Each structure stands twice: as structure tokens, then as C-alpha cells.
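Structural overview
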Amino acid sequence: MPSLVFSDVWAQFDTLLSGLLQTVWISAVAIVLGVVIGVLCAVARSARSRILRALAAGYVEGMRNTPFIVQLFLVFFGLPGLGIQITAIQAGLIALTLNLGAYSAEIIRAGIEATHRSQIEAGAALGLRRRDILLHVVLLPALERVWPALSSQFVLTMLASSILSQISVEELSSAGALIDSRTYRSMEVYIILAGFYLGLTMLFRLSFDLAGRFLFPRRRAVAVRR
Amino acid sequence: MDEHNPSRRAALGALALGTAAAAAVTASTTTASASTPEEFTKRGSIAIGVVSGVPPFGIVNERGEASGYDVDVANLIAKYMGVKAEITALAPPARIPALQAKRVDLLVATLGPTPERAKTIVFPMPYSAFRMSIMGSNDLAAKSLADLAGKRVAVPRGSPQDTTLTRMAMPGTNIVRFDDDAICAQAVFSRQVDAAALPDTTVNQILGQNKGANAELKFAFALQPNSMAVRKDQMELHQWLNNTIWFMKNSGELDEISKKWLNAPLPELPVF
């Protein structure tokens, strides 16, 4: 085992820190936008319109059955070919958001499908409008039910943002690779990166837990339907 | 769009990152333990790492074997040592980690001898060279580095072009880092960047394969000599290599390899 020397790597802490911040904000934006797409798609998949259902299904299956790095390159190199100029960060955000949108759509759909018919009937009997039933009886309880699974998916999205280093986004992994290429302390760099990502994951989990408490304040016992 | 395949590109990029990480992780499982010419002769073989995916220095031939400038030099080295060369093709970011992890005994991998790299490994005197050059889209008017101010220029992360351009570039030049030459070229083709800093040999190869691509070789900005590399505990091998490189330069064998792969004689190389 070669001896580990971390001082060369710590000397470039500024690079690591700016990469870390880049990773945090890119992930945060992708998660917020991605979950919005996820909700819309999940609702669309149980819509009355057949076209809407097919469109949503096509998008979800297309994204879930291709590797993220391929999607990323298609956006980054493909859109400019169609005359749409985008920066690397924009391309990364688009790919991450679309990817998370598809995965979260499936998770949220599972939550929606777990809604018992009697709940909807009860809502209708109370004279709620269709829109209100969808929001208060179906969607919000569904999100509450699948929030832990969604949180895991959000963390996976944050970890996947490391792949944006491939298209020159200067996030955490990219900062690590740059320091590696300057210091040739590969083991040290990747040990530090692993620690940073571990810390980020815990930070993200904590904030999703807090966000869950804020978003679903009733803290009611969730009835598990079998 | 040109005919580059994005998924192949993706696979290459992922592979480069993966092998670098894997090489770093396998640092404790050593294989290449001999370190002096005498020990290699006793063993009858030497494990040599060459670069991969950098035409014409490291390519894969029709039979799927590693081939190119570096492989020819590696075989010549093995011939002078009187042993068999075991060639391993390495993606650029995986070269130095593979040497440090003792997966290979020696690198003949188109590696620029930079002071940063020389802190961790040892370079014999250079054995080949290329000219670092700027490839830009046809409508880019650039004749010198001064014209690149305010432009986005792609470089392979940590490459000699990265180090050199970072030092020489005019203020305002936006240097954008990718993982390898191919992605840099792709970024020029898709207009994600205005230009890329690449070896002239690579530019010629890329433009030869992409007739009609909206890009051309603009100008060269520095000569890049390439060195073999050994670990710090292999000073005896290092001295033997210096001796043998001088010999191969005098015998004209290195010049022949240069003419074969670059269509140009071996330029005057620095000696150290």
C-alpha cells in the first residue's frame, strides 16, 4: 500500500469547495424541477386522455431504460446540432431534471395507485370538486406515503450529478479530477471525494426529512393498504 | 452533426474515469514487482503501458490489438532489453495511476514531462514529440493565442495542453476541461466551444475522419516532447532507458517510427 499524502490535495481546498457548492445548487435545482415533472407525469399516466397517458409512458420508459450518460451527451451535443445553444450547466440541469422526472413519476404513481377507491368516493360524497379530490385526497397523501422513496431518489440524483464532470461542468467530481491531474494523488483525492459525497448525502437526507415534516405537517398515521 | 457516436463517446468517457478509479483502488494488489533491467531479463518479460485512444500514438488495429507509435517504441525497448513486451493500453487519466499501482513496469504512453508530474514519477529524456495546436471552427478568425481572448477553448483535463495553455493564454480566455481529446473535438463540432487545444497529429487524424466538418487546424502554439515514465524506486531502469533512448536516436530507429506514424522526421528533442 503506497503511503497517503493529503497535504497536496488540501492545498487546493478552494477548488474542492467551489465544486461542492456547484454540486449542491445543481442538485437542488434539478430536484425541485424534477419532482414537479414527476408529479405532472404521474398524474398524466392516470389521466383520461389516451394520448396524454401514452406521452407520459413513452417519456418515463425512454428515460428509465437508457443510461444517464447517454442522455447527457444527447442533450449536450445534440441540442446545439438542432440550433439550440446551451451551456454545459444548462445541459446538465436539463438531463438531470428529465432523468429524475421519469424516476420520481414512477414512485409517485405507486403512491397514487395505493389510494383506496373508498377515499375518492368519500371525497365525492362530501361534495369536493374533482380538482380538490385529486389534490387533497389523492396527490398529497400519495406524496406523503412515498416521501422516503422519493428522498432516496433525490440522493441518487445528487450522486449522479458527478457524471456532469464529463461535459466540463466544474462540480465536485470534476474538481477532484482536476486536482488529481495536478497532484497525481489519486487515492487521496478519491478518498476525500467519497467523504464529501457521504457528508452531502447525510445533509440531503436530513433536509428531506425536515422538508417532509414541513410539507406534511399532519403527521397522521398513514394507513397502509394491501 | 458528424458521424461520431454519442454512446461510444459516453462509454469512452466513463471508461476513462472508471479505469482511473479502478487503477487507484487496486493500488494494493501489486503485480509488476521487478524493477531493474536485470530482474526483467531474469523474468523474461516487461509490462509496458501505452496510451489508448490517442491516434496515431495509441490506437486499436483491425485485429483488436493495441497498435501505434507507442507500441512500436515499446517493442523496440523490449527488444533492446532482450525480453518480451506485455503491452497494456491505458486511457490517458489511467496512465500514471497504473504505473504507481505497479500494474505496469514502465510507461511508453505519450506523456509530457511536466514538473507537476515529475513530483510523483521519473521521466527519462523525451522519445517523441508533437506540436500543441488550436483546432477551431472555420469561421473563427484566430492566428495566435491573443485572438482566443473571450473565446471558449476545450482542453483534455490535466493534459500538457491544459497546463501550457493555462500558463500561456491571454487573460479572458475561457478554458473548458473535458476528459479526453475526442470529447474536446466533439465540443468544437457541436459548437459548445469555439476551439480546442489538441496535438497537431490528433487534429489531422480527426479532420481526416470527418471530411466536411466545420473545423480546421488554426495554428501551433508549443512543441510538446513526450517521455517514458518509471516509478521513483526504479532509478536503475531510468538510467538504462536514457542510455537506450540516446542509442535509438543515433541508430535512426526512433526517426523511422516517427516517419511511419507521423509522416515527419523526429524533431530535435530536449535531452536531460
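Residues numbered from 1 in each chain as written. Chains lettered and ligands numbered in written order. Predicted model: local features only at pLDDT ≥ 70, side-chain atom pairs only at ≥ 80, totals over all residues.

1. Re helix α5 (residues 88-113) of chain A
Taking 1.5 Å per residue, 26 residues should reach 38 Å; α5 of chain A reaches 37 Å between its end C-alpha atoms and fits that length. Burial analysis of α5 of chain A places 20 of its 26 residues in the buried class, the great majority of the element. (Helix = DSSP H or I, 4+ residues; strand = E, 2+ residues; numbered from the N terminus. Expected span 1.5 Å × (residues − 1). Buried ≥ 20, exposed ≤ 12 C-beta atoms within 10 Å, placed from the backbone.)

2. Comments concerning the sheet that holds strand β5 (residues 106-111) of chain B
Residue and element names in this part refer to chain B. The 8 strands lie next to each other as β4-β1-β5-β10-β6-β9-β7-β8, forming an open sheet whose pairing is mixed. Two strands in the sheet have a free side with no partner beyond their single neighbour: β4 (84-90) and β8 (174-178). Here the average twist between neighbouring strands, direction ignored, is 25 degrees. As defined by bridge partners, strand β6 (residues 128-136) adjoins strand β10 (residues 216-229) across 9 bridges and the pair is classed as antiparallel. Within the sheet, the bridge partner assigned to M132 lies in β10 and is A222. (Pairing = 2+ DSSP bridges. Axes fitted to C-alpha atoms, helices over the stretch in contact; angles between N-to-C directions.)

3. Focus: the environment of V146 of chain A
All names here are of chain A. Residue position: V146 is located in helix α7 (residues 130-160). Along the primary structure V146 and I112 are separated by 34 residues, whereas in three dimensions their C-alpha atoms are 9.3 Å apart. Excluding residues that lie within four positions of it along the chain, V146 makes contacts with I107, I108, A110 and G111. (Contact = placed C-beta atoms within 7 Å.)

4. Let's talk about the nonpolar core
Residues and elements named next belong to chain B. Counting 48 residues, the largest nonpolar core has I48, V50, A74, L106, L107 and V108 as its most contacted members. Taken together, the elements giving at least two residues each to this core come down to β1 (45-51), α3 (69-81), β4, α4 (95-100), β5, β10, α9 (235-251) and α10 (253-262). Ranked by residue count, the leading element in this core is α3, at 8 residues. What I48 contacts, discounting residues up to four positions off in sequence, is A74, A85, E86, I87, V104, D105, L106 and V108. (Core = buried A, V, L, I, M, F, W, Y, C linked by C-beta atoms within 7 Å.)

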